[in-house]
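# Examining the three-dimensional arrangement
The residues making up each chain are set out below.
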Amino acid sequence: MGQKAVKMVNQSQDMQLVAGFNPNITDLNPQTYGLKENVKIYNDFADIKVKADIWIDFSIPSAVFENTKFAIQRGIRPVIGTSGMSEDQMNELKKLADDEKLGGIIASNFGLSAVLMMKFAKVAAKYFAESEIVEKHHEDKIDAPSGTALNTARLIYEARGHDQKQHSSKDPLNTRGGDYHGTKIHALRLPGFVADEEVIFGGIGETLTISQSTTDRESFMTGVKLAIHEVMKSNHLVIGLEKII
């Protein structure tokens with residue numbers, strides 16, 4: 001995803017890549033990574049002194065909170081696509097950015113199909129009392145459930161305003177999946193997938209399935225570019241791309 005973001009910025013007429021950060025590298029020569037020689041490469045927060053408008057983050061769950069906090073404290077608008085942060089961490093970052101009147105976004109998914117799926121699921125949740133989520137990702141995805149699935153469940157809960165009724169009580173093998181206020185989430189990690197999700201709503205005599213499929217990470221860049229332009233005009237941090245489309 002980081003490589004896709006770099007490509008997107010370099011191909012944009014109104015953006016310029018000024019720096020990259022990776023604490024796990026020792027070679028700070030930008031040309032090693034196919035970048036222009038005027039791009040600064042850093043592996044330590046203490047060395048970063050470059051001026052920038054946007055911090056794009058597609059890192060790992062264990063690093064994203066500190067990365068985002070650093071960006072906000074330096075007045076750099078965060079555009080965060082890394083999942084795995086807790087609600088408390090995201091709320092802390094939102095308060096920090098809002099206090100500084102700094103635009104930013106934390107999005108579980110930048111794919112427009114996934115964001116629209118979440119918006120449609122929130123609408124459907126008002127009319128169906130019960131639902132479950134199945135998310136499917138590549139085998140190398142570290143966190144589970146995905147940020148998209150968790151955000152979908154959060155939107156469903158917000159729409160209903162109460163926990164979903166439970167039916168199963170005996171499940172020794174934990175086959176019923178994870179649980180977010182009663183909405184069950186099932187996570188698949190298999191080769192062959194990039195990022196798929198479906199939300200299944202059940203009612204008396206009918207079901208409704210809302211699904212989306214991502215086959216190429218390039219699709220996420222449309223949402224990233226949209227988010228970058230939006231946060232440049234904003235003075236607060238939003239959680240979820242669905243808040244701006």
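Here the structure is a predicted model, which means the values were calculated and not measured.

### Some details on the pattern of salt bridges
- Evaluated as defined, the whole model comprises 13 salt bridges.
- In this structure, Asp143 and Lys141 form a salt bridge, with 3.1 Å as the shortest nitrogen-oxygen distance. In this structure, Asp143 and Lys141 share a single accessibility class: buried.
- A salt bridge links Glu230 to Lys233; the shortest N-O distance between them is 3.5 Å.
- Judged by its relative accessible area of 26%, Glu230 is partly exposed.
- According to the relative accessible area criterion, Lys233 is exposed, its value standing at 65%.
- Each of the salt bridges in this network shares a partner with another, and the network as a whole consists of Lys4, Asp216 and Glu218.

### Observations regarding the domain arrangement of the protein
- Domain annotation for the protein reports domain 1 (2-106 + 218-243) and domain 2 (112-214).
- Centre-to-centre separation of domain 1 and domain 2, based on C-alpha positions: 28 Å.
- Counting from both sides, the interface comprises 12 residues of domain 1 and, opposite them, 14 residues of domain 2.
- Surface buried jointly by domain 1 and domain 2 totals about 980 Å² across both partners, of which 64% is contributed by carbon and sulfur atoms.
- Three residues stand out in domain 1 for area buried against domain 2, namely Ser83, Glu87 and Glu242, and they jointly supply 47% of the buried area on that side.
- If you look at where domain 1 meets domain 2, you find one salt bridge.
- Here domain 1 and domain 2 share five residue pairs in polar contact (both at pLDDT 80 or more) between them.
- Elements that contribute at least two residues to the side of domain 1 that touches domain 2 include exactly helix H3 (87-99) and helix H6 (220-231).
- Looking at the side of domain 1 that touches domain 2 element by element, the count peaks at three residues for H6.
- Here the residues of the side of domain 1 that touches domain 2 sort into five nonpolar, five polar and two charged.

### Regarding helix H5 (residues 147-160)
- Taking 1.5 Å of rise per residue, the 14 residues of H5 would be expected to cover 20 Å, and the 20 Å separating its terminal C-alpha atoms lies within 8% of that figure.
- Of all 14 residues making up H5, 10 are buried, and the element is well covered by its neighbours.
- Along H5, the residues that are buried comprise Gly147, Thr148, Ala149, Asn151, Thr152, Ala153, Arg154, Leu155, Ile156 and Arg160.

The rules behind each value
- Residues numbered from 1 in each chain as written.
- Predicted model: local features only at pLDDT ≥ 70, side-chain atom pairs only at ≥ 80, totals over all residues.
- Heavy atoms only, no water.
- Salt bridge = Lys/Arg side-chain N within 4 Å of Asp/Glu carboxyl O.
- Buried < 20%, exposed > 50% of the residue type's maximum accessible area, 1.4 Å probe, protein only.
- Domains from an automatic or database assignment.
- Contact = heavy atoms within 4.5 Å.
- Buried area = accessible area lost by both parts, 1.4 Å probe.
- Polar contact = N/O pair within 3.5 Å; in protein donor to acceptor, adjacent residues only side chain to side chain.
- Helix = DSSP H or I, 4+ residues; strand = E, 2+ residues; numbered from the N terminus.
- Nonpolar A, V, L, I, M, F, W, Y, C, P; charged D, E, K, R; others polar.
- Expected span 1.5 Å × (residues − 1).

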